[in-house]
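Residues per chain, in single letters:
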Amino acid sequence: MQPLIDYARTFGRRPEEFARLAEGQSPKVLFITCSDSRVVPALITGARPGELFELRTAGNIVPPHDSQHPTSEAATIEYAVEVLGVRDIVVCGHSHCGAVGALVRGDDLTAVPAVRDWLAGAPRPAGAAEDPEVAEGVRCHALTQLLRLRSYPCVERRTAEGTLGLHAWYYEVHTGAVRTHRPETDTFEAL
């Protein structure tokens, strides 16, 4: 913890670099990814403060839209689309994902009931249970989350208008490589 504290102490000593952030935010991209500490959206994309609106959830899960029982995730998506007017949404899955691995393998999660219940809302993705990268499972899972996004009324409307793009990415934590889903070939290819 001490290295984090030491850095935070010096971080705030450059107010001129951050003054413009007080004027508001206007990110162009909502970046939905896993809570995994190895996945750092700003590092992956090179984004500076104010350039990405982030939603991080265990397993980058987008819950189904439910207007009767809104979730924090739904509120974040709606705010990004309706208020901030983001132009693109990226759902970024990653290799070695514990959440997707648990889904692919059908792990017993009774010891972590909140995790079990959160993952219960996600369909079991295809993939080889013995693959430590869970590459196929993560890619399939990212596409499923993209489909779920389409069920959000604000996303559905903006994509129909052609003012919002949806993208599925796959990040390899062991190489740093990023691949994007190409709908025309239904494959993940290098950016």
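Residues numbered from 1 in each chain as written. Predicted model: local features only at pLDDT ≥ 70, side-chain atom pairs only at ≥ 80, totals over all residues. Heavy atoms only, no water.

A.B. asks: Looking at this structure, I do not really get the side chain of Thr57. What am I missing?
C.D. replies: Its location among the elements puts Thr57 in strand β2 (residues 52-57). Leave out the neighbours within four places in its chain, and Thr57 touches Thr33, Cys34, Ser35, Glu73 and Trp118. (Helix = DSSP H or I, 4+ residues; strand = E, 2+ residues; numbered from the N terminus. Contact = heavy atoms within 4.5 Å.)

A.B. asks: Would you mind going over the packing of aromatic side chains with me for this structure?
C.D. replies: Each aromatic ring pair is described using two quantities: the centre-to-centre distance and the angle formed by the ring planes. Across all of its chains, the model carries 2 aromatic pairs by this definition. For the pair Phe31 and Trp169, a centre-to-centre distance of 5.8 Å together with 80 degrees between the ring planes defines the contact as edge-to-face. Here Phe31 is found in strand β1 (residues 29-34), whereas its partner Trp169 is found in strand β4 (residues 165-171), with 138 residues between them in sequence. On the basis of an interplanar angle of 35 degrees and a centroid distance of 5.9 Å, the ring pair of Phe53 and Tyr79 is categorised as tilted. Of this pair, Phe53 sits in strand β2 while Tyr79 sits in helix α4 (residues 72-83), placing them 26 residues apart in sequence. On the accessibility criterion, Phe53 (15% relative accessible area) is buried. Taking the relative accessible area as the measure of exposure, Tyr79 reaches 37% and is therefore partly exposed. In this structure, Arg139 is placed above the aromatic ring of Tyr170, and the distance from its NZ or CZ to the ring centre is 4.4 Å. (Phe/Tyr/Trp six-rings, centres within 6.5 Å; stacked < 30°, edge-to-face > 60°. Buried < 20%, exposed > 50% of the residue type's maximum accessible area, 1.4 Å probe, protein only. Lys NZ or Arg CZ within 6 Å of the ring centre and 35° of its normal.)

A.B. asks: Please clarify how the sheet that holds strand β3 (residues 88-94) should be interpreted in this entry.
C.D. replies: Two modes of strand pairing occur in sheets, parallel and antiparallel, and in both the strands are linked by backbone hydrogen bonds. With mixed pairing, 6 strands are arranged side by side in an open sheet as β2-β1-β3-β4-β5-β6. Both outer strands of the open sheet, β2 and β6 (187-190), are each paired with one neighbouring strand and no more. The average angle at which neighbouring strand axes cross in this sheet is 30 degrees, direction not considered. Bridge count for strand β5 (residues 178-182) against β6 is 4 bridges, and the pairing is antiparallel. Counterpart to His181 in the pairing with β6 is Phe188. (Pairing = 2+ DSSP bridges. Axes fitted to C-alpha atoms, helices over the stretch in contact; angles between N-to-C directions.)

A.B. asks: Where do I start with the pairing of β1 in this structure?
C.D. replies: Each regular strand carries side chains that alternate between the two faces of the sheet. Of all 6 residues making up β1, 6 are buried, and the element is well covered by its neighbours. In this sheet, β2 lies alongside β1 in parallel orientation, the contact comprising 6 bridges. Considered in β2, the bridge of Thr33 is made with Arg56. Pairing of β1 with β3, which is carried by 5 bridges, proceeds in the parallel orientation. Its bridge partner being in β3, Phe31 is matched across the sheet by Val90.

A.B. asks: Can you help me understand the nonpolar core in this one?
C.D. replies: For soluble globular proteins, nonpolar side chains are generally found buried alongside one another. If you look at the biggest cluster of nonpolar residues, it comprises 38 residues, and the most contacted ones within it are Leu30, Ile32, Ile77, Ile89, Leu149 and Val155. At the level of elements, β1, β2, α4, β3, α5 (98-105), α7 (135-149), α8 (153-161) and β4 are the ones that each hand at least two residues to this core. Core analysis: the next-biggest nonpolar cluster, separate from the first, contains 11 residues, Ala47, Leu52, Trp169 and Val178 among them. (Core = buried A, V, L, I, M, F, W, Y, C linked by side-chain atoms within 4.5 Å.)

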